Amino acid sequence: MTRRAAIVGGGVIGGGWLARFLLNGWDVAVFDPDPEAQRKIAAVLANARRSLPGLYDAALPPEGTLRFCDSIDAAVAGAEWVQESVSERLDLKHRVLSQIQAALAPDAVIGSSTSGYKPSDLGGGVPRPAQVLVAHPFNPVYLLPVVEVVAHTTATQDFVDRAMGILRSIGMKPLHLKREIDAHVADRFLEAVWREALWLVKDDIATTAEVDDAIRFGFGIRWAQMGLFETYRIAGGEAGMAHFLAQFGPCLTWPWTKLMDVPDLDDALVRKISEQSDAQSGMRGIRELERIRDDNLVAMMRALKGRNWASGQTLREHDARLREPSATVDWSQPVETAARAVPIDWTDYNGHMNECRYLELSSAATDRFMTLIGCDADYIANGGSYFTVETHLRHLDETHAGERMRVTTQLLDGTGKKLHLFNRLYNEAGALVATAEHVLIHVSLETRRACLPTPSLQQRLAVIQAGHAGLPQPEVIHCGRRPASN
Ligand SMILES: NC(=O)c1ccc[n+]([C@@H]2O[C@H](COP(=O)([O-])OP(=O)(O)OC[C@H]3O[C@@H](n4cnc5c(N)ncnc54)[C@H](O)[C@@H]3O)[C@@H](O)[C@H]2O)c1
């Protein structure tokens, strides 16, 4: 049977919760008095629909049904989970939570998105305090998995376990805090960083853009994959966490920050942190942790490169420098169209480069060939390009992470609308590891139909074709062949 959730308060956060439940197959009812609520929720939902399902390699369940209600009672009736996400005001939260409880079964879970209030604050103004737990998410709720769960002291373990199970079932990573504290855990870090940032900007030490760059080009990427303590454990090197603390402990009393209320880094705290760090990461050696870190950083930075954003933009700029065209191309020989190391995230469970990456590399080589013949960004912006219509790949040998690959391109036919290319992929030792044969057709990007290239592009291709005419033909040619008939 379809499970039912209710969202009370459908703003930035409520809308995100709504999308997460809905796209994970729950029926969702929502109440928000804002006359614009439907429009705003539709916008959040549209973003969630285009981003969330693609995170998974398996299909999400069929989307649940969405109902807009005109009262809290109507929205929460029969719900298994109610997420309260109204504005951050305690009197409002008390009123809304009490109304929710009046219409809801006592065994249903009420999560509150509150960023700052403790369960005891919320419970102080409602009939059944144990039923309300803090379920504090991060924006966008439909993508970011973490949710801080803080239960009221009178809540049963069974209730908390059930709540944690539900959050996991919609793809979240619940973090159960054992004791309540204002602003929970994650917002404390954000608040500390935020306060420092405000001082840096106020005192003209850094602009807002410089503050952001200091985060996103460096420690922000590190934090995304190992957090704070595991990262610092590595920084301690082979001597470990205790060494790190001993080395950097004294700075705590130096004026490195405006936040000068620091704990005493005495033996007891050093031991506590070292023991917890051992339990967290001690099963792996420092070199292994370093390799895991590096692999994660490569994967994340390459993902950002695909988006041409933050550290990924820096990678692209450096790529462009590395790829600056050589002064002359010898058109009597196959042209070198790609040269690169195999990145870590191109290898698969067999430890070698995954077969689809051979095509990716060959496709990059073809793009480069297009640029060399004049079908570059300007040409494409003017409405012409080539689309691939046929590809044949032969995988001849293995290649591994870090190995330097080279690709050459031979033009087999560049007449009319056709571009028939033969790419050879070589490994570091110069052995042929794959061949890729591609046929592309020149198209108008306006009509999306085949058309002739510009005369200057045709002339260029004619020169290259004449140069390549004397080259030996590939051992096997597939494209343009009819299937053999019996
Ligand atoms: N914005 C964030 O980054 C963030 C992150 C985590 C948690 N939170 C928490 O989430 C909660 C909501 O914050 P937000 O950023 O979504 O605010 P928001 O202003 O975008 O949304 C609040 C919504 O509550 C609605 N509302 C007001 N009174 C209501 C009532 N009586 N019944 C039903 N709905 C009512 C408003 O119309 C509005 O749509 C707050 O408790 C906040 O601390 C916010």
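## Topic: the side chain of Asn-24
Residue placement: Asn-24 occurs in the loop between α1 (12–23) and β2 (27–31). A polar contact of 3.4 Å, which involves the side chain of Asn-24, links it to the backbone oxygen of Ile-170. Ignoring sequence-local partners within four residues, the contact set of Asn-24 consists of Leu-52, Leu-60, Pro-61, Ser-169 and Ile-170.

## Quick look at the environment of Asp-413
Mapped onto the elements, Asp-413 comes out in strand β11 (residues 404–413). On the basis of relative accessibility, which here comes to 17%, the residue Asp-413 falls in the buried class. Linking Asp-413 and Pro-453, residues 40 residues apart in sequence, is a C-alpha distance of 14 Å. When sequence neighbours within four positions are dropped, the list of residues in contact with Asp-413 reads Lys-418, Leu-419, His-420 and Gln-465. Only 2.7 Å separates the side chain of Asp-413 from the side chain of Thr-415, close enough to count as a polar contact.

## Examining unusual backbone geometry
For the peptide bond that leads from Asn-139 to Pro-140, omega is 0 degrees, which places it in the cis range. Within the element layout of this structure, Pro-140 appears in the loop between β6 (132–137) and β7 (146–150). Even without glycine at this site, Asp-204 takes up a positive phi of about 60 degrees. Assignment of secondary structure puts Asp-204 in the loop between α7 (186–202) and α8 (208–226). For Asn-308, which is not glycine, the phi torsion reads 50 degrees and is therefore positive. In this structure Asn-308 comes out as partly exposed when scored by relative accessible area, which is 30%.

## A few points about the sheet that holds strand β5 (residues 109–112)
The mixed open sheet is built from 8 strands, whose spatial order is β3-β2-β1-β4-β5-β6-β7-β8. Either end of the sheet is taken by a strand with one partner, and the two such strands are β3 (66–68) and β8 (173–176). Sheet twist, expressed as the average angle between the axes of neighbouring strands with direction ignored, equals 25 degrees. The pairing of β7 with β8 spans 4 bridges and is parallel. Each residue of the ladder has a partner; that of Glu-148, found in β8, is Leu-175. Helix α4 (residues 90–103) contacts β1 (4–8), β4 (81–84), β5 and β6 of the sheet and is inclined by roughly 165 degrees relative to β4.

## Digging into the nonpolar core
Judged by nonpolar contacts, the single largest core of 34 residues is most densely connected at Trp-17, Phe-21, Trp-26 and Trp-81. When residues of this core are traced back to their parent elements, those giving at least two are β1, α1, β2, α2 (37–51), β6, β7 and α6 (157–169). For Trp-26, the contacting residues outside a window of four places in its chain are Thr-2, Arg-3, Arg-4, Ala-5, Phe-21, Gly-64, Thr-65, Glu-80, Trp-81, Ile-166, Ser-169 and Ile-170. With 24 residues, the next largest nonpolar core counts Val-76, Ala-79, Leu-92 and Ile-110 among its residues.

## Some details on the sheet that holds strand β13 (residues 432–444)
Read from one edge to the other, the open sheet built from 5 strands follows the order β9-β11-β12-β13-β10, with strand pairing classed as antiparallel. Each edge of the open sheet carries a strand with a single partner, namely β9 (335–341) and β10 (384–395). Across the sheet, the axes of successive neighbouring strands diverge by a mean angle of 25 degrees, strand direction being ignored. Direction of pairing for β10 relative to β13: antiparallel, over a ladder of 11 bridges. If you follow Tyr-386 over to β13, its bridge partner there is His-442. Contacts from helix α16 (residues 455–468) reach β9, β10, β11 and β12 (418–426), with the element oriented near 100 degrees to β11.

## Focus on the site of the ligand
Contacts to the ligand come from 22 residues, most closely from Ile-13, Asp-32, Glu-88, Lys-93 and Ser-115. Within the backbone of Val-86, one N or O atom sits 3.4 Å away from an oxygen atom of the ligand. Considering every element that reaches the shell around the ligand, the biggest residue donor is α4, with 3 residues. Partitioned by chemical class, the residues of the shell around the ligand number 9 nonpolar, 9 polar and 4 charged.

## Overview of the packing of α8 against helix α12 (residues 286–306)
Two quantities define a packed helix pair, namely the angle between the helix axes and the distance between the axes. Close contact between α8 and α12 brings their axes to 10 Å; oriented N to C, the two are set at 115 degrees. Remark: the crossing between α8 and α12 carries right-handed chirality. Only Leu-289, Ile-292, Arg-293, Asn-296, Leu-297, Met-300 and Met-301 of α12 make contact with α8, whose side of the interface consists of Ile-221, Arg-222, Ala-224, Gln-225 and Met-226. Across the contact of α8 with α12, the residue classes tally to 8 nonpolar, 2 polar and 2 charged.

## Remarks on the packing of aromatic side chains
If you walk through the whole model with that rule in mind, you get 6 aromatic pairs. Ring geometry for Phe-219 and Trp-223: centres 4.7 Å apart, planes at 65 degrees, overall edge-to-face. Taken together, the positions of Phe-219 and Trp-223, both in helix α8 and 4 residues apart, correspond to about one turn of that helix. A connected cluster of aromatic rings, assembled from ring pairs, spans Trp-17, Phe-21, Trp-26 and Trp-81. Directly above the ring of Trp-199 sits Lys-258, whose terminal nitrogen or CZ lies 4.2 Å from the centroid. Arg-340 extends its terminal NZ or CZ atom over the ring of Trp-346, reaching a point 4.7 Å from the ring centre.

## Description of a nonpolar patch on the surface
Together, Val-193, Phe-219, Trp-223, Leu-228, Phe-229 and Tyr-232 give the surface a local cluster of nonpolar side chains, amounting to about 480 Å² of exposed area. Elements represented by at least two residues in the nonpolar patch include exactly α8 and α9 (229–235). The topology assignment puts Leu-228 in the loop between α8 and α9. The partly exposed category is assigned to Leu-228, whose relative accessible area is 33%.

## Details of the pattern of salt bridges
Pairing between side chains becomes possible if they bear opposite charge and their charged atoms approach one another. According to the stated counting rule, one finds 22 salt bridges in the structure shown. Where Glu-88 meets Lys-93, a salt bridge forms, and the shortest distance between an N and an O atom there is 3.6 Å. By relative accessible area, Glu-88 is classed as partly exposed at 37%.

Quick notes on the rules
- Residues numbered from 1 in each chain as written.
- Predicted model: local features only at pLDDT ≥ 70, side-chain atom pairs only at ≥ 80, totals over all residues.
- Heavy atoms only, no water.
- Helix = DSSP H or I, 4+ residues; strand = E, 2+ residues; numbered from the N terminus.
- Polar contact = N/O pair within 3.5 Å; in protein donor to acceptor, adjacent residues only side chain to side chain.
- Contact = heavy atoms within 4.5 Å.
- Buried < 20%, exposed > 50% of the residue type's maximum accessible area, 1.4 Å probe, protein only.
- Pairing = 2+ DSSP bridges.
- Axes fitted to C-alpha atoms, helices over the stretch in contact; angles between N-to-C directions.
- Core = buried A, V, L, I, M, F, W, Y, C linked by side-chain atoms within 4.5 Å.
- Near = heavy atom within 4 Å.
- Nonpolar A, V, L, I, M, F, W, Y, C, P; charged D, E, K, R; others polar.
- Left-handed = near helix turned anticlockwise from the far one by under 90°.
- Phe/Tyr/Trp six-rings, centres within 6.5 Å; stacked < 30°, edge-to-face > 60°.
- Lys NZ or Arg CZ within 6 Å of the ring centre and 35° of its normal.
- Patch = residues over 30% accessible without salt bridge, like charges linked within 9 Å, V, L, I, M, F, W, Y side chains within 5 Å.
- Areas by Shrake-Rupley, 256 points an atom, 1.4 Å probe, with all protein chains shown as cover.
- Salt bridge = Lys/Arg side-chain N within 4 Å of Asp/Glu carboxyl O.

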